[in-house]
Amino acid sequence: MGILEKIQEIEFEMGRTQKNKATEYHLGQLKAKLAKLRTELQAPAAGGKGGGEGFEVQKYGDGRVALIGFPSVGKSTILTQLTGTTSEVAAYEFTTLTCIPGVIHYNDAKIQLLDLPGIIEGAAQGKGRGRQVIAVCKSADLLLMVLDASKPDFHRDILTRELESVGIRLNRNPPNIYFKKKKTGGISFNSVVPLTHLDEKMCQRILQEYKRHNADILLKEDSTVDDLIDVIEGNRRYVKCLYVYNKIDVCSMEEVDEIARRPNSIPISCTQNLNLDGLLVKMWEMMALVRVYTKKVGAKPDFGDPVILSADRGGTLLEHLCRQIHNSMVAQLNYALVWGTSSKHYPQRCGLSHNLEDEDVVQIVKKKVDTAADGRGRFKTKSDAPLRISDREKKAALKT
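Values in this document were obtained by computation on a predicted structure and should not be read as measured data.

Draft legend 1. Region of the structure containing the overall build of the protein. Helices and strands together make up the secondary structure of the protein, namely 11 helices and 15 strands. Out of the 400 residues in the protein, the part that is buried amounts to 41%. When contacts within the protein are restricted to residue pairs at least 6 apart in sequence, those whose partners lie at least 24 apart make up 65%. Surface exposure of the protein reaches about 23500 Å², of which carbon and sulfur atoms provide 50%.

Printed below as a string of C-alpha cells:
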C-alpha cells in the first residue's frame, strides 16, 4: 500500500469516527500518523535523481511576495499592474506555466513579486505540479491568495487545506511549547496554564507514534493536538497571508462591503484598476518592513537609500542593523544616537538591544582605536618616561 492510499485510509477513518471523550486519544494518534505520512510524502525519493526543473528563483530585494490561487483568477494581471513586468494573459486556464518574477518599488523598498502557476485541488499530492508551486510559497515572506469574488467561498478553504497539508500555517504564530528530546529519563510533561485540549496521556500517545520515549515538554499556552504535532515535526512554516478578491466589478456594493470587512482581506479589480493602491498599503502593513536612515557625524541624514529591516528576516534591533551594514560593526560599536518614534528624546543614546521603528535615523559611533605599544605608524600620545620621579633613571654626574 502506497503513502497516498494510507493517507486516504486514515482520513476516511477520522471522518467516520465520532468525536467524544472516549475517542479523543484515538483521534490524536490518527492525526500523528497522518502528519508523519504527509512528511514522508514531501521528502524526496531515496537514491533517485533530481525532481526536474523547479519554480524557484533567486531572492532579490527586501521582501518576497508570492501570488497563489486557482487558474484564471487574475494573478498575471496583478503582476503586470504592480511591477510592469509582462506576463502572458489569456482567456484560458493555465496560461502561466512557470514562475515569473517582478519587482515592486514602494516606499524606498524593493519587494519581489512572484507569479506562480495556478494550482488545483490535490496539489499537495503532486497534481498539476502543485508540489513545486507550494515549495516556492515556503520561501515567501507574504502570500497573496488571489480569489475570484464571483466564485463560492469554499475555494479559499480548499487552498488553505492544500497549504496546511504540506506544513504551511497561514496567519498563525508558532505554538508556545517547549520541546526537547532526551536520551534517558522518560517523558516529563508540565504546563503553566490550565489545559482544555491536551493532557499527559494524550501527549504520551502522540510521542509513541514518533517513537519518542524520553522528552521534556512544557506548555505555556492552551495548545491543541495539532499544535503539539507541529512542534514535534519541527518543519512547519508560519507565513502571513492576504486574501485578495479580484473581479469585484461584477459584484454588488453589498458583496464588496462584506468582503472588505473580513479579516486580512481586500477587494480589487485589475481590469478597472480599482483599489490597487490599497493593496500596496495593505501589503506594506502586513510585511511590517522597517526603514532606517543612516547619518554621519556632522552631516545630514541620507534619506535616499534606507536600510530595510524586518522581523521575518533577522529582526529590527540595532544589532541587526549593524550586522546588515557589516559583520564587524557589532564589535566596533560604542553607542548609537537615534532620532525617531522609537526614541524617548532626540537624540537618544542606545545600545545593541534597542528596537528600531519605521523611518528612524541612526548615527553609529564606533569605539576609539587603540594605538600600538611602540607607536609605530602613528604619533605617540604618551611619554615613555616613568610616572614616579624615584623610578626615573638618574643621569651621570658632570665631569669637572
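Draft legend 2. Region of interest: the pairing of strand E3 (residues 109-115). The buried fraction of E3 amounts to six of the seven residues, a majority that puts the element mostly inside the structure. Of the strand pairs in this sheet, strand E1 (residues 63-69) and E3 are connected by five bridges, and their pairing is parallel. Residue Arg64 lies in a different strand from E3, and its bridge partner there is Gln112. Of the strand pairs in this sheet, strand E2 (residues 100-106) and E3 are connected by seven bridges, and their pairing is antiparallel. Note on E3: the bridge partner recorded for Ile100 is Asp115. Counting the residues that bridge the hairpin from E2 to E3 gives two residues, and of these Asn107 lies at a positive phi of roughly 55°.

Draft legend 3. Molecular detail of the sheet that holds strand E7 (residues 187-191). The strand order across the open sheet built from three strands is E6-E8-E7, with neighbouring strands paired in mixed fashion. Edge strands, defined here as strands with exactly one partner in the open sheet, are strand E6 (177-181) and E7. Strand-to-strand twist in this sheet, taken as the mean axis angle between neighbours without regard to direction, amounts to 5°. Contacts from helix H6 (residues 200-209) reach E6, E7 and strand E8 (215-219), with the element oriented near 135° to E7.

Draft legend 4. Quick peek at the layout of surface pockets. A volume near 910 Å³ is recorded for the largest pocket. The wall of the largest pocket is formed by 30 residues, among which Glu11, Leu34, Arg38, Arg161 and Ser165 lie closest to the centre. Secondary structure elements with two or more residues in the lining of the largest pocket: helix H1 (3-16), helix H2 (24-42), helix H5 (154-165) and helix H7 (225-233). Sorting elements by how many residues they give to the lining of the largest pocket places H2 first, with six residues. Among the residues making up the lining of the largest pocket, the classes are represented as seven nonpolar, nine polar and 14 charged.

Draft legend 5. Representation of the packing of aromatic side chains. In this structure the tally under the stated criterion is two aromatic pairs. Seen from their ring centres, Tyr106 and Trp284 are 5.9 Å apart, and the 70° between their planes marks the pair as edge-to-face. Highlighted residues: Tyr106 in strand E2 and Trp284 in helix H9 (residues 276-287), separated in sequence by 178 residues. We classify Tyr106 as partly exposed; its relative accessible area is 21%. Geometry around Tyr243 places Arg156 over its ring, the cationic atom sitting 3.6 Å from the centre. A cation sits over an aromatic face here: Arg349 above Tyr335, 3.7 Å from the ring centre.

Draft legend 6. Quick look at the sheet that holds strand E12 (residues 307-309). Taking strand neighbours across the sheet as the criterion, the five strands line up as E12-E11-E15-E13-E14 in an open arrangement whose pairing is mixed. Every interior strand has two partners, whereas the edge strands, E12 and strand E14 (348-350), have only one. In this sheet, neighbouring strand axes are inclined to one another by 35° on average, regardless of whether the strands run parallel or antiparallel. The sheet contact formed by strand E11 (residues 290-294) and strand E15 (residues 360-366) spans three bridges and is parallel. Each residue of the ladder has a partner; that of Val292, found in E15, is Asp360. Seen against the sheet, helix H10 (residues 318-325) touches E11, E12, strand E13 (333-339), E14 and E15 and runs at an angle of roughly 130° to E12.

Draft legend 7. Local environment of the pattern of salt bridges. One pass over the structure, following the stated rule, counts 18 salt bridges. In this structure, Arg38 engages Glu11 in a salt bridge whose closest nitrogen and oxygen atoms are separated by 2.9 Å. Pair noted here: Arg38 is in helix H2 and Glu11 is in helix H1, with a separation of 27 residues, a long-range link. Residue Arg38 is classed as partly exposed on the basis of its relative accessible area, which comes to 23%. Arg261 is the partner of Asp257 in a salt bridge, and the nearest nitrogen-oxygen pair spans 3.0 Å. Taking the relative accessible area as the measure of exposure, Arg261 reaches 66% and is therefore exposed.

Draft legend 8. Quick look at the packing of H1 against H2. One can describe the packing of H1 onto H2 by two numbers: an axis separation of 10 Å at closest approach and a directional angle of 155°. Considered as vectors, H1 and H2 are oriented roughly antiparallel to each other. Relative to H2, H1 is oriented so that their crossing is left-handed. Taken together, the residues of H2 that come into contact with H1 (itself represented by Ile3, Leu4, Lys6, Ile7, Ile10, Glu11, Glu13 and Met14) are His26, Leu27, Leu30, Lys31, Lys33, Leu34, Leu37, Arg38, Glu40 and Leu41. Partitioning the contact of H1 with H2 into residue classes produces 10 nonpolar, one polar and seven charged.

Analysis parameters
Residues numbered from 1 in each chain as written. Predicted model: local features only at pLDDT ≥ 70, side-chain atom pairs only at ≥ 80, totals over all residues. Heavy atoms only, no water. Helix = DSSP H or I, 4+ residues; strand = E, 2+ residues; numbered from the N terminus. Buried < 20%, exposed > 50% of the residue type's maximum accessible area, 1.4 Å probe, protein only. Contact = heavy atoms within 4.5 Å. Areas by Shrake-Rupley, 256 points an atom, 1.4 Å probe, with all protein chains shown as cover. Pairing = 2+ DSSP bridges. Axes fitted to C-alpha atoms, helices over the stretch in contact; angles between N-to-C directions. 1 Å grid on protein atoms, 1.4 Å probe; cavity = no way out; pocket = protein on both sides within 12 Å on 5 of 7 lines; lining within 4 Å. Points joined across faces, edges and corners; volume = space filled by probe spheres on them. Nonpolar A, V, L, I, M, F, W, Y, C, P; charged D, E, K, R; others polar. Phe/Tyr/Trp six-rings, centres within 6.5 Å; stacked < 30°, edge-to-face > 60°. Lys NZ or Arg CZ within 6 Å of the ring centre and 35° of its normal. Salt bridge = Lys/Arg side-chain N within 4 Å of Asp/Glu carboxyl O. Parallel < 35°, antiparallel > 145°, perpendicular 65-115°, else oblique. Left-handed = near helix turned anticlockwise from the far one by under 90°.

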